[in-house]
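Close look at the chain arrangement
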Amino acid sequence: MKRRTFVGAAASLPAVSILSGTARAQSKEIRMIESGGASGESIQKGYIDPLFQKTGIKVVRESPSSLGKLRALVESGQTSTTLFELGSGIVLQAKKLGLIEKMDWAAINPAPMFPEAKNEYGFGYSYFSTIMAWRKGAKEPQNFTEFFDSKAFPGKRCLPDFPHYCLPFALQAAGVPIDKLFPLDVDLAFKKLNEVKKDVAVWWKAGAQPPQLMKDNEVQYSICWSGRVVGDPAFGLSFAGGKADLSFIAVVKGSKPEDKAAANKLFYEMSLPENQAKAAEVISYTGPSPELDALLPKDKLWQFPTSKQNKAVQYFENAEWWAENGEAVNKKWEAFKLSL
Amino acid sequence: MTGSGIRFIAPLLVLMVVAFNAPIVYMLGLAFWEKGRGFTLEHYEGLLETPVYLRVLGNTMRIALIATIANVVIGYPLAHWMRGLGSRARMIAIALVVLPFWVSILVRTYAWIVVLGNGGLVNRFLQWTGLTDAPVSFLYNELGVTIGMANVLLPFLVLPLFATMIRIDDRLLQAAASLGAPPRTIFWKVYFPLTLPALAAGALLVFILCLGFYVTPAVLGGGRVPMISNLLDTLINQIPRWEQASAISTILLIVTLLIFAAYRRLDRKASA
């Protein structure tokens, strides 16, 4: 708001050249669209607040962040929003559709980061896991074969209503080891899902659903995001066979240079391990610094997606495969949903 | 007279066309016109090649029909009962029917989870009385969606129906009785035909609203009841294939208009 009135005033004044010169250097306020909830608060506490204290740059958050919204933003030609949160597969899609800018890593000059987080088109800021969890008291499965075995592990299941979550877990249940999941055997995955669909009470769309449904005893087993269940005594969980994935923040296509300069300052803050440790206090997801583990509380290391014992037993999302095959799989998914 | 009338409604007309109609036409046009490629029918062809989206549309129609029938079965006796009440009781009854309008649809939908869930009021009562041993699954299936939709849409049927019923002259019914007609004949030969146009209009309104329902199937269907608006959400927000979504929306619009046209025809025949 402030920036827009300032730019408007600048345009109407005769001394345009001087004023716009300083304005181009760096904006004092930029906007970000993120996925909301606790992860949004972790961005605020971990990165936005330190940025404001150091530089006075304000970042205004909005949510939620769907790819459709990004497409609408770019196609309408607006430049009020600079930063946009995207999933790892979505970054590739957005790049293909020309909706995001290349990152200027030289200008950001980040602290050391894991290589997969330093993407050409986005800043991988938060590792999160999708794992199996159950209501305390239910029999505890060790792997996804057991998780889907409703005879030995009786109870209703709650699975994500997204094929890119369900298919790899179904393949594990069919006996495929986690290092051989990709390229996915789609037909085998659907065959397994058809066998187990009778035990699935709810297919969730919102991450808040599975923990609530387990608390209400509507379902006993869920596949859900780790940050929603770790540390809650009402649930048991296991990272075995889980999916580790990375959330990105990207720069919206056509953003103004002065906004990009401010955004790069935020990216720098996001690369600092001490800030990432602050963010991890809000939600049990971790940033991309290799030095982060040392700053995290020892007794909570088991909760985080990237701590050593958890990273080893999970598979990492293959965003390239989904960018290639996502749409075709999605049609099969809709057909599968009709058969429920 | 028409000339001066136009002048008064012109501002509203401009607002409607610019803010409402033009974006819709643009959205629907997306399926035909692609940037840099010109006219195309490819998105409609795609629909025919993989008919899964059309099957979701068919599923939506079926559920909308079931929900409408449920509404009629509950709503007609309710409106009729309200007609026979004293004026104070009638005010209270109307207030109770209208009350849900003031509560957010999301709150109303979630309330059903408290009532119908496995550990909900109804299931606890059923198990307490010993009628069932295991909880009955009311939710996360078509039954749950139908109950939720019927609840949300009931006022749309009851209010117009009640307004028509209350205008029916009691003397008509008395005249029929004085000619020796038994109550059942009076109802079917006199009363019901007089309420039929309002019933048809209300049912049609409910049916068309059902076609576009989003929240209730998403929450009470547990992701197991695919409906067209949830599919459109995926196509618009997640994939994002606006062209495909636009083609499906166009088909939905045409089907809705056809149903409306059929109703108008029936209505004209009935009143002629």
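Residue positions are counted from 1 within each chain, in the order its sequence is given. Each chain gets a letter, beginning with A, and each ligand a number, beginning with 1, in the order they are written. Only residues with pLDDT of at least 70 get local features here, since the model is predicted, and only at 80 or more are side-chain atom pairs given and counted; chain-wide, interface and lining totals rely on the full set of residues.

Describing the pairing of strand 9 (residues 235–251) of chain A
Residue and element names in this part refer to chain A.
- Neighbour density around each residue's C-beta defines its exposure: 20 or more other C-beta atoms within 10 Å make it buried, 12 or fewer make it exposed, and counts between make it partly exposed, where C-beta atoms are placed from the backbone. What counts as a helix is a DSSP run of H or I of at least four residues, what counts as a strand is a run of E of at least two, and both are numbered from the N terminus. Taken across its 17 residues, strand 9 has 14 buried, putting it largely inside the fold.
- Taken together, the 5 bridges between strand 3 (residues 83–87) and strand 9 define a ladder with antiparallel strand orientation. Note on strand 9: the bridge partner recorded for Glu85 is Ile249.
- In this sheet, strand 9 lies alongside strand 5 (residues 122–135) in antiparallel orientation, the contact comprising 11 bridges. When the bridges of strand 9 are listed, Phe128 appears paired with Asp245. Any two strands between which DSSP finds at least two bridges are classified as paired.

Description of the interface of chain B and chain A
- What counts as a contact here is a pair of residues whose C-beta atoms, placed from the backbone, lie within 7 Å. Taken together, the 21 residues of chain B in the interface contact 21 residues of chain A.
- Every element with two or more residues in the side of chain B that touches chain A is listed here: helix 3 (52–83) and helix 11 (228–238) of chain B.
- Per element, the largest residue contribution to the side of chain B that touches chain A is 5 residues, and it comes from helix 3 of chain B.

A closer look at the confidence of the model for chain A
- As a per-residue measure, pLDDT tells how confident the predictor is, with possible values from 0 to 100. With 93% of its residues at a pLDDT of at least 70, chain A reaches an overall mean of 89.
- Here residues 1–23 of chain A is modelled with pLDDT under 50, and outside its nearest four sequence neighbours on either side it reaches 12 contacts, counting other chains as well.

Topic: the pairing of strand 3 of chain A
All names here are of chain A.
- Counted residue by residue, strand 3 has 5 buried out of 5 residues, so it is predominantly covered.
- Side chains Leu83, Glu85 and Gly87 of strand 3 all project onto a buried face; the interleaved residues Phe84 and Leu86 project onto the opposite face, where all are buried too.
- Here strand 1 (residues 29–33) pairs with strand 3 via 2 bridges, running parallel. Counterpart to Ile33 in the pairing with strand 3 is Phe84.

A look at the nonpolar core
Residues and elements named next belong to chain A.
- In this structure, Ala94 and Ala250 are the most contacted members of the largest nonpolar core, which totals 130 residues.
- Residue ranges for the domains trace back to a domain assignment, done automatically or taken from a database. Counting only domains with at least three residues in this core, you end up with domain 1 (2–127 + 247–300) and domain 2 (128–245 + 315–338).
- Discounting residues that sit within four places of it in the chain, Ala94 has contacts with Leu67, Leu70, Leu86, Leu99, Ile100 and Ala250. Buried Ala, Val, Leu, Ile, Met, Phe, Trp, Tyr and Cys residues whose C-beta atoms connect them within 7 Å together make up a nonpolar core.

Some thoughts on the environment of Asp187 of chain A
- Position of Asp187 of chain A relative to the elements: it lies in helix 9 (residues 186–196).
- Sequence separation of Asp187 of chain A and Asn109 of chain A is 78 residues, and the distance between their C-alpha atoms is 45 Å.

Some remarks on the environment of Ile24 of chain B
- With respect to the helices and strands, the residue Ile24 of chain B is situated in helix 1 (residues 2–29).
- Taking the C-alpha atoms as reference, Ile24 of chain B lies 9.5 Å from Ser246 of chain B; in sequence the two are 222 residues apart.

Describing unusual backbone geometry
Residue and element names in this part refer to chain A.
- The residue after Ser63, namely Pro64, is reached through a cis peptide bond having omega -5°.
- With respect to the helices and strands, the residue Pro64 is situated in the loop between strand 2 (58–62) and helix 4 (67–75).
- Cis geometry marks the peptide bond from Phe182 to Pro183, where omega comes out at -5°.
- Here Pro183 lies in the loop between helix 8 (163–173) and helix 9.
- A positive phi is found at Asn109, a non-glycine position, where the angle reads about 50°.
- With respect to the secondary-structure elements, Asn109 resides in the loop between helix 6 (105–108) and strand 4 (118–119).

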